[in-house]
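Chain residues, written in single-letter form:
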Amino acid sequence: METEVLYYKKFERKVLAIDYIEWASTMLQNGISTHYLNMLASLTEPLNIFEVEEYFNRAWYELNITGPSYDESAKHYVRYLLRQIVDDPRIAIENANEVYTIVRDHFFNEEHDRWYAISEMIDDFLYGDNSDNINRSSLNQVIVQVSKQHLKTK
């Protein structure tokens with residue numbers, strides 16, 4: 001897990017103990033190693049969030065790095081969600097809803113309009129009158145296509 005993705009989850013208070021472990025494993029895979037980072041990566045279930053966060057804080061101190069800003073972490077988290085959509089279209093609707101929420105709250109630009117339109121399609125499909133006869137397959141295809149375009153341009 002990228003540092004920015006982890007920090008977005010921390011900012012939103014949605015971080016799980018396993019997220020810290022995944023972050024530590026990613027750091028190790030990238031050739032970064034410290035005493036507490038190794039300890040954090042080696043933790044196994046059952047995980048205690050307080051213990052995990054203590055190891056994270058110690059590893060963070062050892063690494064002497066600065067955390068990303070809220071907006072920077074949000075941008076990275078959107079890219080993370082888009083890559084998940086492209087890799088697994090079955091989660092396209094769920095991730096697209098989350099992308100729209102982030103774009104709406106942080107980035108009022110042309111992307112907002114694109115994701116707003118997708119959000120409206122999702123709402124019509126799930127809850128609305130669905131006058132355009134949207135089905136899950138076609139909706140997933142649109143979301144995957146827009147996700148690929150977004151990843152290419154950013």
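A.B. asks: Can you lay out the packing of helix α2 (residues 17–29) against helix α3 (residues 35–42) for me, pointing to particular residues and giving the numbers?
C.D. replies: In contact at an axis separation of 8 Å, α2 and α3 are set at 125° when each is read in the N-to-C sense. Classified by the angle their axes make, α2 and α3 are oblique. Here the hand of the crossing between α2 and α3 comes out left-handed. Contact residues: α2 offers Y20, I21, W23, A24, S25, M27 and L28, while α3 offers L37, N38, L40 and A41. A breakdown of the residues in the contact of α2 with α3 according to their chemical character gives nine nonpolar, two polar and no charged.

A.B. asks: Could you give an account of the nonpolar core, with specific residues and numbers?
C.D. replies: One finds W23, L40, F56, I102, W115 and I143 to be the most contacted residues of the largest nonpolar core, which totals 45 residues. Broken down by secondary-structure element, the contributors of at least two residues to this core are α1 (3–11), α2, α3, α4 (49–63), α5 (70–87), α6 (92–106), α7 (110–126) and α8 (136–153). Ranked by residue count, the leading element in this core is α6, at seven residues. Setting aside chain neighbours within four positions, we find L40 in contact with Y20, I21, W23, A24, V52, Y55 and F56.

A.B. asks: Describe the environment of L37, naming the residues involved and giving the relevant values.
C.D. replies: Among the secondary structure elements, L37 is positioned in helix α3. In this structure, the C-alpha to C-alpha distance between L37 and L63, residues 26 residues apart in sequence, is 8.7 Å. Ignoring anything within four residues of it in the chain, the contact list for L37 reads W23, A24, M27, L28, I32, A59 and E62.

A.B. asks: Give me the lowdown on the side chain of N95, citing residues and values where you can.
C.D. replies: Tracing the backbone shows N95 in helix α6. Only 3.0 Å separates the side chain of N95 from the side chain of Q84, close enough to count as a polar contact. Beyond its immediate chain neighbours, meaning those up to four positions away, N95 contacts L81, Q84 and I85.

A.B. asks: Report on α5, specifying residues and quantitative values.
C.D. replies: Taking 1.5 Å of rise per residue, the 18 residues of α5 would be expected to cover 26 Å, and the 26 Å separating its terminal C-alpha atoms lies within 8% of that figure. Every buried residue belonging to α5 is among S73, A74, Y77, V78, L81, L82 and I85, and all of these are buried.

A.B. asks: Tell me about the confidence of the model for the protein, and name the residues and values.
C.D. replies: Looking at the protein as a whole, the pLDDT averages 92, with 98% of positions reaching at least 70. Model confidence for the protein, summarised as mean pLDDT per element, is weakest for α7 at 86 and strongest for α2 at 97.

A.B. asks: Give me the lowdown on α3, citing residues and values where you can.
C.D. replies: For α3, the full list of buried residues reads L37, L40 and A41. Along the long axis of α3, the arc covered by the buried residues comes to 95°, so they all point the same way. Each element contacted by the buried residues of α3 is listed here: α2 and α4.

A.B. asks: Got a sec to walk through the packing of aromatic side chains? Specific residues and values, please.
C.D. replies: Scanning the entire structure with this criterion turns up 13 aromatic pairs. An angle of 55° between the planes, with centres 6.5 Å apart, marks the rings of Y7 and F56 as tilted. With a gap of 49 residues between them, Y7 in helix α1 and F56 in helix α4 connect regions that are remote in the sequence. Here the two residues Y7 and F56 agree in accessibility, since each one is buried.

Here is what the cut-offs are and how they apply
- Along each chain, residue indices are assigned from 1 in the same order as the chain's sequence is written.
- Reporting in this predicted model follows two pLDDT cut-offs: at least 70 for local features of residues, and 80 or more for side-chain atom pairs to be given and counted; totals over whole chains, interfaces and linings ignore these cut-offs and use all residues.
- To get the side-chain values, all heavy atoms of the structure are used, and hydrogens and water are removed first.
- Every angle, taken between N-to-C directions, lies between 0 and 180 degrees, and every axis is a line fitted to C-alpha atoms, over only the stretch in contact when it is a helix.
- A helix here means a DSSP run of H or I that spans at least four residues, while a strand means a run of E at least two residues long, and both kinds are numbered starting from the N terminus.
- Every angle not falling under 35 degrees, over 145, or within 65 to 115 is termed oblique; those three ranges are roughly parallel, roughly antiparallel and roughly perpendicular.
- Working rule for handedness: look at the near helix, and if it is turned counterclockwise from the far one by less than a right angle, call the crossing left-handed; if clockwise, right-handed.
- What makes two residues a contact is simply this: any of their non-hydrogen atoms within 4.5 Å.
- Throughout, the ten residues Ala, Val, Leu, Ile, Met, Phe, Trp, Tyr, Cys and Pro are labelled nonpolar, Asp, Glu, Lys and Arg are labelled charged, and all others, Gly among them, are labelled polar.
- Buried residues of nine kinds, namely Ala, Val, Leu, Ile, Met, Phe, Trp, Tyr and Cys, make up a nonpolar core once their side-chain atoms join them within 4.5 Å.
- In this scheme, a residue with accessible area under 20% of its type's maximum is buried, one over 50% is exposed, and one in between is partly exposed, where area comes from a 1.4 Å probe on protein chains only.
- We call two N or O atoms a polar contact when they sit within 3.5 Å, provided that within protein one can donate a hydrogen and the other can accept it, with sequence-adjacent residues counted only if both atoms are side-chain atoms.
- An expected span of 1.5 Å times one less than the residue number is assigned to each helix.
- The pLDDT value expresses, per residue, how confident the predictor is, ranging between 0 and 100.
- The directions considered for the arc run from the helix axis to the C-beta atoms.
- Two rings belonging to Phe, Tyr or Trp (six-membered ring only in the last case) form a pair when the distance between their centres is within 6.5 Å. Interplanar angles under 30 degrees mark stacking, angles over 60 mark edge-to-face geometry, and anything in between is tilted.

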